[in-house]
Amino acid sequence: MSCGQPHETDCREVLAEVYLYLDLECGEERRVLIREHLEECGPCLREYGLEQEVKALVARCCGNETAPEQLLERLRVRLTVIFTYITTVSTFFLIST
């Protein structure tokens, strides 16, 4: 999506990062750029508002649920396996080049 107007930060970039912005998971410098863009771009502000509402609805419907401990442990194990594999492959390619 693009509103067709020139901005310091492209509309597509802003909308791609809107959940990071909502969850406070991006750095302060990036938050400022996104906030400034939303203040000057109506289409992005409307899209941001929709995303904010979806996030609030999900939180209301599922906010108090927690994953079972067995599931959390399986995810930890699987992520460890994936991380180990990626590290091994990366090291292999660094050594072989």
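Just so it is clear, the structure is predicted and the values come from calculations on it, not from any experiment.

> Can you lay out the overall build of the protein for me, pointing to particular residues and giving the numbers?
Within the protein, the regular secondary structure consists of five helices and zero strands. Shown N-terminal to C-terminal, the secondary structure of the protein runs as helices and strands in the order α-α-α-α-α. Counting all 97 residues of the protein, 20% fall into the buried class. In the protein, 54% of the contacts between residues at least 6 apart in sequence involve partners at least 24 apart. Counting only carbon and sulfur atoms, one obtains 60% of the accessible surface of the protein, whose full area is about 7,600 Å².

> Lay out helix α3 (residues 28-40) in plain terms, naming residues and giving numbers.
An ideal rise of 1.5 Å per residue puts 18 Å on 13 residues; α3 measures up with 19 Å between its terminal C-alpha atoms. The complete set of buried residues in α3 reads R31, L33, I34, H37 and L38. Looking down the long axis of α3, one finds its buried residues gathered within 165° of arc, a one-sided arrangement. Across from the buried face of α3, at angles greater than 90 degrees, the exposed residues are E28, E29, E39 and E40.

> Would you mind going over the nonpolar core in detail, with residue names and values included?
Counting twelve residues, the largest nonpolar core consists of C11, V14, L15, V18, Y21, L22, C26, I34, L38, C41, C44 and Y48. Looking at this core, the elements that each hand over two or more residues are α1 (11-16), α2 (18-22), α3 and α4 (42-62).

> For the packing of aromatic side chains, give the residues involved together with the corresponding values.
Each aromatic ring pair is summarised here by two numbers: the centre-to-centre distance and the angle between the ring planes. The final tally for this structure, using the stated rule, is zero aromatic pairs. For the cation-ring pair, R31 lies above Y21, with the distance from its terminal atom to the ring centre recorded as 4.3 Å.

> Go over unusual backbone geometry, please, and point to the residues and values.
Located in the positive-phi region is L24, a residue other than glycine, with phi close to 55°. One can find L24 in the loop between α2 and α3.

About the cut-offs
Once a new chain begins, its residue numbering starts again from 1 and follows that chain's sequence as written. Per-residue local features of the predicted model are confined to residues with pLDDT of at least 70, and side-chain atom pairs are confined, for both listing and counting, to 80 or more; whole-chain, interface and lining totals are unaffected and use all residues. Excluded from the side-chain calculations are hydrogens and water; all other atoms, namely the structure's heavy atoms, are used. Secondary structure is summarised from DSSP: a helix means a run of H or I of at least four residues, a strand means a run of E of at least two, and numbering begins at the N terminus for each. Think of it in three bands: residues with accessible area under 20% of the maximum for their type are buried, residues over 50% are exposed, and the middle band is partly exposed, with areas taken using a 1.4 Å probe on protein chains only. Any two residues whose heavy atoms approach within 4.5 Å are treated as being in contact. Using a 1.4 Å probe, the Shrake-Rupley method yields the accessible areas, and only the shown protein chains count as cover for residues. Expected span, for any helix, means 1.5 Å times one less than how many residues it has. In this description, one arc is meant: the one made by directions from the helix axis to the C-beta atoms. Residue types Ala, Val, Leu, Ile, Met, Phe, Trp, Tyr and Cys, when buried and joined through side-chain atoms within 4.5 Å, form a set referred to as a nonpolar core. In summary, the pairing rule links any two rings of Phe, Tyr or Trp, Trp by its six-membered ring, whose centres are within 6.5 Å, and it sorts them by plane angle into stacked for under 30 degrees, edge-to-face for over 60 and tilted for everything else. Comment: the charge-over-ring label is applied if NZ (Lys) or CZ (Arg) is within 6 Å of the ring centre and within 35 degrees of the ring normal.

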